[in-house]
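Close look at the chain arrangement
Residues per chain are reported as follows:
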Amino acid sequence: MKPAPFEHHAPLTVEQAVSVLTEVGHDGKVLAGGQSLIPILNMRLASPAHLVDINRVAGLDTVEVTAEAVRVGALVRHAGLERSESAYAALPLLRQALVNVAHPAIRNRGTTVGSIAHADAAGEMPAILALTDGVVEVAGPSGTREIAWSDFFLGALETSLAAEELAVAVRFGRFPAGTGTAFTEAARRHGDYAMAGVGVALTVADGVVSGARASFVSVTDVPSVLDLGPVLDGVEPGSGEWDAALDTAAEAVRGHVDPEGDIHASADYRRMLVTELTRRVLPQAADRATTPAPNAAFDRGSAVTTLSSTSSTAFGGQGASHD
Amino acid sequence: MTDTTPATETLHDVTVSVNGVRHSAAVPARRLLSDFVRHDLELTGTHVGCEHGVCGACTVLVDGQPMRSCLMFAVTAQDHAITTVEGLCSAPDARTVPTGESMNPVQQAFAECHGLQCGFCTPGFLTTVTAYLEENSSPTSEQAREAISGNLCRCTGYQNIVKSVLRAAEIKAERAEEHA
């Protein structure tokens with residue numbers, strides 16, 4: 001359970017990091033938070049000859065909020081983004097999802113951009129990048145480029161990032177006014193990888209739904225977005241049609257996902273789970289769409305949904321802080 | 001550990017501040033912070049369980065924040081102030097106790113409430129709970145459970161650990177009041 005020997009590089013600038021990555025090519029791996037990488041190294045599932053440790057690179061640890069997006073630098077820890085009040089005000093979905101990422105001690109070290117670059121289908125933040133129509137900002141030997149989320153994720157643990165490139169930031173897109181979001185997942189144990197998870201964004205205009213989308217954790221190979229507009233648009237949340245529309249949306253999810261079974265849950269069970277979870281989060285998102293001020297206590301409290309629980313706010317309460 | 005290091009492996013001079021004391025050692029880049037603390041500094045209070053971030057036994061405070069020392073390299077830890085379980089009893093609120101009380105409130109609570117049996121997981125719980133009470137000084141039982149959800153204990157069944165967290169919050173408040 002010790003990593004194989006490697007050469008440690010500690011660049012101080014993005015240019016230096018890219019230059020080292022270019023030099024070492026496929027023998028190199030970027031180390032940011034290391035909360036996914038170091039377990040892999042410890043178990044010797046991988047043994048790269050070079051680690052490019054970007055923890056001392058200047059200028060990568062900021063969260064910036066613009067009118068269109070929340071931009072998160074490559075050294076922003078999950079916990080830092082989770083606590084950022086400006087990010088929360090601009091895009092509550094981030095905190096709603098981040099409280100589900102592993103445990104607080106892992107979130108204190110792990111980075112959001114690293115989690116996205118790792119591209120695990122069981123990761124929350126790749127799904128959130130997709131749901132927000134996000135972009136990855138990349139630095140390479142020939143300058144910078146931007147990769148849309150849909151071009152970024154190629155397969156399980158596989159992205160379109162080249163060996164000599166460094167993901168320096170991601171931009172999560174903000175939603176139009178009148179949009180409510182919600183995220184939930186179900187895991188065997190608290191903080192474990194989810195058996196299934198779902199995030200939704202639902203826009204309400206003039207009292208009826210005008211746009212809804214969902215993305216998923218652990219039930220698709222790569223992050224993918226399902227447009228629920230066709231089944232929910234024009235329906236008034238809470239009206240007589242609403243329940244039937246939610247059932248139709250849940251069925252659309254069942255058809256969209258393609259889970260694989262493993263020791264934790266069969267494919268059928270995961271499909272059932274994500275269908276039910278979607279049915280639960282859509283009304284939450286609809287409530288939030290019609291309630292302008294984000295409810296921080298609720299978002300912090302909804303980290304875990306267990307299917308046996310009748311309350312979705314298992315750990316709620318004023319002043320709750322899990323990190 | 002050093003004896004088994006291949007001769008060809010480059011050693012790095014690593015200086016890490018642990019419990020307020022600067023320690024230096026020449027170690028390979030792959031030296032985990034947990035092994036650096038235990039083998040190179042001989043601070044064996046930090047325990048190593050799963051070595052992939054699941055069990056929480058190796059949790060130390062990095063600039064006051066709980067992190068897994070098995071998921072950090074010593075070379076990366078150089079820029080930070082590390083607190084291990086050995087450093088908890090000199091935490092500021094314990095220093096203010098003039099009665100010779102050497103344990104911090106969390107340590108005292110775990111002793112009072114039987115929050116441990118074999119003690120293997122305890123260093124991780126103590127560091128985690130010490131940091132947590134800095135953020136939430138009066139947790140509910142549910143919040144206490146949430147706070148320790150990243151630490152595994154195979155002896156206690158957790159009931160007494162939850163009690164210990166709640167009791168630690170009381171002791172901390174009592175001490176603050178006594179010395180206000």
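Treat the numbers as computed from the prediction; the structure is a model and nothing was measured.

The rules behind the values
- All residue numbers refer to position in the chain's written sequence, counted from 1.
- By the order in which they are written, chains take letters starting at A while ligands take numbers starting at 1.
- Since the coordinates come from a predicted model, pLDDT governs what is reported: local features require at least 70, and pairs of side-chain atoms require 80 or more to be given and counted, while whole-chain, interface and lining totals use all residues.
- One confidence number per residue, pLDDT, is output by the predictor and ranges from 0 to 100.
- A residue pair is marked as a contact if its C-beta atoms, positioned from the backbone, fall within 7 Å.
- Note on definitions: a nonpolar core is a set of buried residues drawn from Ala, Val, Leu, Ile, Met, Phe, Trp, Tyr and Cys, linked by C-beta atoms within 7 Å.
- Three exposure classes are used, based on other C-beta atoms lying within 10 Å of a residue's own C-beta, which is placed from the backbone: buried for 20 or more, exposed for 12 or fewer, and partly exposed in between.
- Starting at the N terminus, helices and strands are each numbered in turn, a helix being any DSSP run of H or I of at least four residues and a strand any DSSP run of E of at least two.
- Strands were regarded as paired on the criterion that DSSP finds at least two bridges between them.
- Fitting a line to C-alpha atoms yields each axis, with helices limited to the stretch in contact; the angle taken between N-to-C directions then spans 0 to 180 degrees.
- Annotation comment: domain bounds sourced from an automatic or database domain assignment.
- By the convention adopted, Pro, Cys, Tyr, Trp, Phe, Met, Ile, Leu, Val and Ala count as nonpolar, Lys, Arg, Asp and Glu as charged, and the other residues, Gly among them, as polar.
- The directions from the helix axis to the C-beta atoms are what the arc is built from.

**Brief notes about the confidence of the model for chain B**
All names here are of chain B. When pLDDT is averaged along chain B, the result is 90, and 89% of the positions lie at 70 or above. Scored below 50 in pLDDT, residues 91-100 makes 13 contacts in the model with residues more than four places away or belonging to other chains. Reported confidence for the predicted complex is 0.90 by ipTM and 0.90 by pTM.

**Overview of the nonpolar core**
Considering soluble globular proteins, one finds that nonpolar side chains tend to be buried as a cluster. Core analysis: the biggest nonpolar cluster contains 147 residues, and Ile54, Leu94, Val200 and Leu202 of chain A together with Val129 of chain B have the highest contact counts within it. It is helix H12 (residues 267-289) of chain A that provides the largest number of residues to this core, a total of eight residues.

**Some points on the interface of chain B and chain A**
In this complex, chain B contributes 29 residues to the contact, which on the side of chain A involves 29 residues. Only strand E4 (65-68), helix H2 (74-77), helix H5 (122-135) and helix H6 (141-147) of chain B provide two or more residues apiece to the side of chain B that touches chain A.

**Observations concerning the sheet that holds strand E1 (residues 11-18) of chain B**
All names here are of chain B. Read across the open sheet, the five strands follow the order E2-E1-E5-E3-E4; overall the sheet is mixed. Edge positions in the sheet fall to strand E2 (21-28) and E4, since each of these pairs with one other strand and no more. Geometrically, the sheet is characterised by an average inter-axis angle of 45° between neighbouring strands, direction not taken into account. The sheet contact formed by E1 and E2 spans eight bridges and is antiparallel. From the neighbouring strand, Val14 faces E2, where its bridge partner is Ala25.

**Some thoughts on the confidence of the model for chain A**
As a general rule, the predicted coordinates of low-pLDDT regions are not to be interpreted in detail. For chain A, mean pLDDT is 91; residues scoring 70 or higher make up 90% of the total. In this model, residues 300-323 of chain A is a region of pLDDT below 50 whose contacts with residues beyond four sequence positions or in other chains number 51 contacts.

**Let's talk about the sheet that holds strand E4 (residues 63-65) of chain A**
By definition, the strands of a sheet pair up through backbone hydrogen bonds, in either a parallel or an antiparallel sense. Residue and element names in this part refer to chain A. With antiparallel pairing, five strands are arranged side by side in an open sheet as E4-E5-E10-E6-E7. Each having just a single partner strand, E4 and strand E7 (143-148) make up the two edges of the open sheet. Sheet twist, expressed as the mean angle between neighbouring strand axes with direction ignored, is 20°. In terms of strand pairing, strand E5 (residues 69-73) meets strand E10 (residues 166-173) through five bridges, oriented antiparallel. Counted as the bridge partner of Val72 is Val170 from E10.

**Re the domain arrangement of chain B**
When the parts of a complex come together, some accessible area is lost, and that lost area is often used as the size of the interface. Residue and element names in this part refer to chain B. Annotation of chain B at the domain level lists domain 1 (2-83) and domain 2 (87-178). Each side of the interface is counted separately: domain 1 has 16 residues, and domain 2 has 11 residues. With three residues, the top contributor of residues to the side of domain 1 that touches domain 2 is strand E3 (residues 59-62). By residue class, the composition of the side of domain 1 that touches domain 2 is six nonpolar, 10 polar and no charged.

**Some words on the environment of Ala252 of chain A**
Residues and elements named next belong to chain A. Tracing the backbone shows Ala252 in helix H11 (residues 242-256). For Ala252, a count of 19 C-beta atoms within 10 Å puts it in the partly exposed group. For the pair formed by Ala252 and Leu12, sequence separation is 240 residues and the distance between their alpha carbons is 48 Å. With near-sequence residues (within four places) excluded, Ala252 lies in contact with Leu226, Leu228 and Val231.

**A look at the pairing of E3 of chain B**
All names here are of chain B. The alternating pattern of E3 places Thr59 and Leu61 and Val60 and Val62 on opposite faces, both of which are buried. Two elements, E3 and E4, share four bridges in a ladder whose sense is antiparallel. Counterpart to Val62 in the pairing with E4 is Gln65. The antiparallel pairing of E3 with E4 creates a hairpin that spans two residues between the two strands, and Asp63 there sits at a positive phi of about 50°. Inspection of the sheet shows E3 paired to strand E5 (residues 81-83) by two bridges, in the antiparallel sense.

**Quick word on the domain arrangement of chain A**
All names here are of chain A. The assigned domain composition of chain A is domain 1 (7-56), domain 2 (63-173) and domain 3 (179-301). Relative to domain 2, the C-alpha centre of domain 1 lies at a distance of 18 Å. Counting from both sides, the interface comprises 15 residues of domain 1 and, opposite them, 18 residues of domain 2. Taken together, the elements giving at least two residues each to the side of domain 1 that touches domain 2 come down to helix H1 (14-24) and strand E2 (28-31). Among the elements that make up the side of domain 1 that touches domain 2, the one with the highest residue count is H1 (five residues). Broken down by class, the residue content of the side of domain 1 that touches domain 2 amounts to seven nonpolar, eight polar and no charged.

**Focus: H1 of chain A**
All names here are of chain A. Three or more residues of H1 are buried, namely Ala17, Val18, Val20 and Leu21. The buried residues of H1 occupy an angular sector of 160° when projected down its axis, which confines them to one face. In the stretch just after H1, Gly25 is the one whose phi turns positive, near 55°.

**Concerning the environment of Val198 of chain A**
Residues and elements named next belong to chain A. Among the structural elements, Val198 can be located in strand E12 (residues 196-205). Owing to 31 C-beta atoms within 10 Å, Val198 belongs among the buried residues under this scheme. Taking C-alpha positions, Val198 is 9.1 Å from Ser218, a pair spaced 20 residues apart along the chain.

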